[in-house]
Amino acid sequence: MKRNLPIIIILLVLVVAVGAFFVMTRSATNPTANTNGFSTAPSTTTAAPPGAQPPHTLGPATAPVRLEEFGDFECPPCGLLHPILVKMHQEFGDKLQITFRQFPLVPTHQHALSAASAAEAAGLQGKFWEMHDKLYENQKTWHDAFDVRPIFEDFAKQIGLDVARFKEDINSDIVGQRISLDGIRGHAMNVKGTPTVFINGREIPFESLPEDKLRVIINNELAK
Amino acid sequence: MSRDEASRVAPQSKQTSLLPSGSWWYAAAAVVSLLGLADAIYLTVEHITGESVRCTIIAGCSEVLSSPYAVVGGVPLALIGAVAYFSVFSLATLTVFGYKGTRGLLTILVAVMFLVSLWLIYLQAFVIHSFCQYCLFSAGITAFLTVIVFLARRKSAVVK
């Protein structure tokens, strides 16, 4: 028995380790997912504070599918999600409403707050989405820059903003407040990282964000 | 109990010692390796589910775990780490129970893991320019294991 004891202990640890791996993988994949890839967890979007008002949206408020993204302009996976959401907007048109919420990860990303401010300042001149696209499409050019202000001012010029007003607005209280209100909503909805996407109030697991999987989820919501 | 009685009991208790001399070090190595195993399993799950790719408030891990260095020949480095820690646990346990040949293998394995850890810290510091706290924890565990195993070998050499 004593000769076999170490083998028994080793096998026991192996079983526990493999078991823990499968349990953790399953719960991380989606603890509350049903077979369609939706979360069956109760919706948290209505109970949470509303965030900045009015929100930045694409598509009509009456759209049957409402997608809400918490994003950080300096986060590379958010940059990868950007063209996918553009494609979804083009494909689904009036059936899909996309809302962008600011969730700059400070201090993880040194320029995230400046980028969020630039987008909000552009929003005050009615060009949030133009700046949003510029920031994501040129993420690599400003990500490692020491001073991003001249780069963002150049973006402002390119999208036709009043640059003097943009430079004033970027440090304004209203811009800071909007970012803060979106952050409060995100924290209330248990957002831990970016991108975090909710569809009709339910969080979509990160591995369901590739284009083909997201399309299936949206189509399933439309079929309801 | 008189002094004579006590002196008769003392050698007896030495004979019934649970483990041979120096084995406690290897038992400690087995326990410490379980911490490394738990850390490596967590990192493997994060890698496989894609959660490590998401940006989080805790800096560094997404950059490190989504870098090309996090995968070796298509296999997540964290999974290789989990196998290594499990091997350390197995070899340390077998050594505790007096199996022959496992002590040398354990020393070689821990030395290799220590060197790999140094290389990974170099990559985080000078190539990726980000540190992942779970990877640093693993490096700390490996360094601790290295100290334990080499102390155990030294103790065994002194006993001989």
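Residues numbered from 1 in each chain as written. Chains lettered and ligands numbered in written order. Predicted model: local features only at pLDDT ≥ 70, side-chain atom pairs only at ≥ 80, totals over all residues. Heavy atoms only, no water.

So, the pairing of strand 3 (residues 96–102) of chain A
Residue and element names in this part refer to chain A.
- Among the 7 residues in strand 3, 7 count as buried, and that is most of the element.
- Note that strand 1 (residues 56–58) and strand 3 share 3 bridges and pair antiparallel. Following the sheet pairing, histidine 56 is matched in strand 3 by phenylalanine 100.
- In the sheet, strand 2 (residues 65–71) pairs with strand 3 via 7 bridges, with the strands oriented parallel. (Buried < 20%, exposed > 50% of the residue type's maximum accessible area, 1.4 Å probe, protein only. Helix = DSSP H or I, 4+ residues; strand = E, 2+ residues; numbered from the N terminus. Pairing = 2+ DSSP bridges.)

Some thoughts on the interface of chain A and chain B
- Across the boundary between the two partners, chain A contributes 30 residues, which contact 25 residues of chain B.
- Linking chain A with chain B are 0 salt bridges, by the criterion used here.
- The set of elements that each furnish at least two residues to the side of chain A that touches chain B consists of helix 1 (5–29), helix 2 (76–92) and strand 4 (193–194) of chain A.
- Broken down by element, the side of chain A that touches chain B gets its largest block of residues, 13 residues, from helix 1 of chain A.
- Of the residues assigned to the side of chain A that touches chain B, the class counts are 17 nonpolar, 8 polar and 5 charged.
- Alignment of strand 4 of chain A against strand 1 (residues 55–56) of chain B, held across 2 bridges, turns out to be antiparallel. Within strand 1 of chain B, the residue paired with A:Thr194 across the bridge is B:Cys55. (Contact = heavy atoms within 4.5 Å. Salt bridge = Lys/Arg side-chain N within 4 Å of Asp/Glu carboxyl O. Nonpolar A, V, L, I, M, F, W, Y, C, P; charged D, E, K, R; others polar.)

Points about the pairing of strand 2 of chain A
All names here are of chain A.
- Across the 7 residues that make up strand 2, a large majority, 6, are buried.
- Read from strand 2 through helix 2 to strand 3, the crossover connection turns out right-handed.
- Bridging between strand 2 and strand 5 (residues 196–199) involves 4 bridges; their strand directions are antiparallel. Considered in strand 5, the bridge of leucine 67 is made with isoleucine 199. (Right-handed = clockwise from strand over helix to strand, strands pointing away.)

Some points on the nonpolar core
- If you look at the biggest cluster of nonpolar residues, it comprises 53 residues, and the most contacted ones within it are A:Phe73, A:Met131, A:Leu135, A:Phe152, A:Phe166 and A:Ile199.
- When near neighbours in sequence (up to four residues on either side) are disregarded, A:Phe166 contacts A:Ala118, A:Ala121, A:Ala122, A:Gln125, A:Met131, A:Phe152, A:Glu153, A:Ala156 and A:Leu161.
- A:Val13, B:Val96, B:Leu106 and B:Leu145 belong to the second largest nonpolar core, which has 31 residues in total. (Core = buried A, V, L, I, M, F, W, Y, C linked by side-chain atoms within 4.5 Å.)

Here's the deal with the state of the cysteines
- Inspection of the entire model under this criterion finds 1 disulfide over all chains.
- Sulfur-sulfur distance for the disulfide between A:Cys75 and B:Cys55 comes to 2.1 Å. Residues A:Cys75 and B:Cys55 are joined through a disulfide that is right-handed, its torsion about the S-S bond being 95 degrees. Taken together, the residues span two chains, with A:Cys75 in the loop between strand 2 and helix 2 and B:Cys55 in strand 1. (Disulfide = S-S within 2.5 Å.)

A word on the side chain of B:Thr93
- Summarising the element assignment, B:Thr93 is placed in helix 4 (residues 77–96).
- For B:Thr93, the side chain forms a polar contact with the main-chain oxygen of B:Phe89, separated by 2.7 Å.
- In contact with B:Thr93, not counting residues within four places along its chain, are A:Pro6, A:Ile9, A:Ile10 and B:Ala30. (Polar contact = N/O pair within 3.5 Å; in protein donor to acceptor, adjacent residues only side chain to side chain.)

Details of the packing of aromatic side chains
Residue and element names in this part refer to chain A.
- The full count for this structure, using the stated rule, is 12 aromatic pairs over all chains.
- Relative to phenylalanine 103, the ring of phenylalanine 70 has its centre 6.1 Å away and its plane inclined at 90 degrees; by these criteria the two rings are edge-to-face. With phenylalanine 70 in strand 2 and phenylalanine 103 in the loop between strand 3 and helix 3 (112–123), this residue pair connects regions lying 33 residues apart in the sequence.
- Residue classification places phenylalanine 103 among the buried residues on the basis of a relative accessible area of 4%.
- For the pair tryptophan 142 and phenylalanine 152, a centre-to-centre distance of 5.3 Å together with 75 degrees between the ring planes defines the contact as edge-to-face. In this pair, tryptophan 142 is assigned in helix 5 (residues 139–143) and phenylalanine 152 in helix 6 (residues 149–158), connecting sequence segments 10 residues apart. Assigned by exposure class, tryptophan 142 and phenylalanine 152 land together as buried.
- Among the aromatic residues, those joined into a ring-pair cluster are Phe73, Phe100, Phe128, Trp129 and Tyr136. (Phe/Tyr/Trp six-rings, centres within 6.5 Å; stacked < 30°, edge-to-face > 60°.)

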